[in-house]
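The chain contents come next:
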Amino acid sequence: NAGVTQTPKFQVLKTGQSMTLQCAQDMNHEYMSWYRQDPGMGLRLIHYSVGAGITDQGEVPNGYNVSRSTTEDFPLRLLSAAPSQTSVYFCASSYVAGPGELFFGEGSRLTVL
Amino acid sequence: AQSVTQPDIHITVSEGASLELRCNYSYGATPYLFWYVQSPGQGLQLLLKYFSGDTLVQGIKGFEAEFKRSQSSFNLRKPSVHWSDAAEYFCAASYGNKLVFGAGTILRVKS
């Protein structure tokens, strides 16, 4: 039972570099989302998708892009990394179109120097 | 804007003592409400959820939560805490297609 799989688990970038955090789920969930977790701030929603081909912004979308070409995959792209994007990123999915019970990946720790 | 408030950043309880973690959501139509737990270095795991109906909901690991509409609260409780309950706890509320989390409460358990 893979559930929600995130790669990579750790990444160090230099300011200005680009990268993609991968997220895949094998539960046929319609809803997928990306959060960032920072100390004392809980989890903040970056982007979400209610199905293939449909994405929307969350609370903190600036600096991040997403796409949803398949039900299974929801990659998060950083086009030009900044130190403020140093964080732990979580991908989560849910069976229902709106966020019911979210199933989380194990997280990706990103450091931007 | 919709928000979820967890007023306690840290809580320390003795093993075997009772526990209550507070959560308030912003006023408006009652959202779906959740409590998640996060152990160090791990993702989040759902403890319990409230959609409608009985305002006292039971979850896993002996946790329960009570929804109080008049106070816009959804507090988490456990009658007797175990050392393995030490973790960070997050309250969350769904508003439409968005799930909004509180800042979290770190629970420390002393023996």
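Check the entry above for the structure.
Here the structure is a predicted model, which is why all the values come from computation and not from measurement. (Residues numbered from 1 in each chain as written. Chains lettered and ligands numbered in written order. Predicted model: local features only at pLDDT ≥ 70, side-chain atom pairs only at ≥ 80, totals over all residues. Heavy atoms only, no water.)

Draft legend 1. Molecular detail of the state of the cysteines. Residues and elements named next belong to chain A. The tally for this structure, following the rule as stated, stands at 2 disulfides over all chains. Covalent S-S linkage joins Cys 23 and Cys 91, the inter-sulfur distance amounting to 1.9 Å. Residues Cys 23 and Cys 91 share a disulfide whose torsion about the S-S bond is about -70°; that sign makes it left-handed. Pair noted here: Cys 23 is in strand S3 (residues 19-25) and Cys 91 is in strand S9 (residues 87-94), with a separation of 68 residues, a long-range link. For the pair formed by Cys 23 and Cys 91, the shared burial category is buried. (Disulfide = S-S within 2.5 Å. Helix = DSSP H or I, 4+ residues; strand = E, 2+ residues; numbered from the N terminus. Buried < 20%, exposed > 50% of the residue type's maximum accessible area, 1.4 Å probe, protein only.)

Draft legend 2. Local environment of the layout of surface pockets. There is about 610 Å³ of room inside the largest pocket. Around the largest pocket sit 26 residues that line it, and Gln 37, Val 88 and Arg 109 of chain A together with Gln 38 and Gly 41 of chain B are the ones nearest its centre. Mapped by element, the contributors of at least two residues to the lining of the largest pocket are strand S4 (31-38), S9 and strand S11 (108-112) of chain A together with strand S10 (87-95) of chain B. What lines the second largest pocket is a set of 13 residues, and nearest its centre among them are Glu 101, Leu 102, Phe 103 and Phe 104 of chain A together with Leu 44 of chain B. Among the secondary structure elements, those contributing two or more residues to the lining of the second largest pocket are strand S10 (103-104) of chain A together with strand S6 (44-50) of chain B. For the lining of the second largest pocket, the element with the most residues is S6 of chain B, which contributes 3 residues. Of the residues that constitute the lining of the second largest pocket, the class distribution is 8 nonpolar, 3 polar and 2 charged. (1 Å grid on protein atoms, 1.4 Å probe; cavity = no way out; pocket = protein on both sides within 12 Å on 5 of 7 lines; lining within 4 Å. Points joined across faces, edges and corners; volume = space filled by probe spheres on them. Nonpolar A, V, L, I, M, F, W, Y, C, P; charged D, E, K, R; others polar.)

Draft legend 3. Layout of the interface of chain A and chain B. On the side of chain B, 20 residues touch chain A, which itself brings 21 residues to the contact. The interface formed by chain A and chain B includes 1 salt bridge. A salt bridge links Lys 49 of chain B to Glu 101 of chain A, with the nearest nitrogen and oxygen atoms 3.8 Å apart. Applying the counting criterion to the chain A and chain B interface returns 4 residue pairs in polar contact (both at pLDDT 80 or more). Listing elements by their share of the side of chain A that touches chain B, those giving two or more residues are S4 and strand S5 (42-51) of chain A. With 5 residues, S5 of chain A is the largest single contributor of residues to the side of chain A that touches chain B. Partitioned by chemical class, the residues of the side of chain A that touches chain B number 12 nonpolar, 7 polar and 2 charged. (Contact = heavy atoms within 4.5 Å. Salt bridge = Lys/Arg side-chain N within 4 Å of Asp/Glu carboxyl O. Polar contact = N/O pair within 3.5 Å; in protein donor to acceptor, adjacent residues only side chain to side chain.)

Draft legend 4. Region of interest: the nonpolar core. All names here are of chain B. Leu 19, Trp 35, Leu 47, Leu 48, Phe 74, Leu 76 and Tyr 89 are the most contacted members of the largest nonpolar core, which has 27 residues in total. Among the elements that take part in this core, S10 stands out by supplying 5 residues, more than any other. Among all residues touching Leu 76, those that are not within four sequence positions of it are Leu 19, Glu 20, Leu 21, Trp 35, Leu 47, Leu 48, Phe 63, Glu 64, Ala 65 and Tyr 89. (Core = buried A, V, L, I, M, F, W, Y, C linked by side-chain atoms within 4.5 Å.)

Draft legend 5. Seen up close, the pairing of strand S9 (residues 73-78) of chain B. All names here are of chain B. Burial runs high along S9: 5 of the 6 residues are buried. As defined by bridge partners, strand S3 (residues 19-21) adjoins S9 across 3 bridges and the pair is classed as antiparallel. Bridge pairing in S9 links Leu 21 to Leu 76. Relative to S9, strand S8 (residues 64-68) is paired through 5 bridges, and the arrangement is antiparallel. In the sheet register, Ala 65 faces S9, and the bridge partner there is Leu 76. Hairpin connection from S8 to S9: 4 residues lie between these consecutive antiparallel strands, with Ser 72 at a positive phi of about 50°. (Pairing = 2+ DSSP bridges.)

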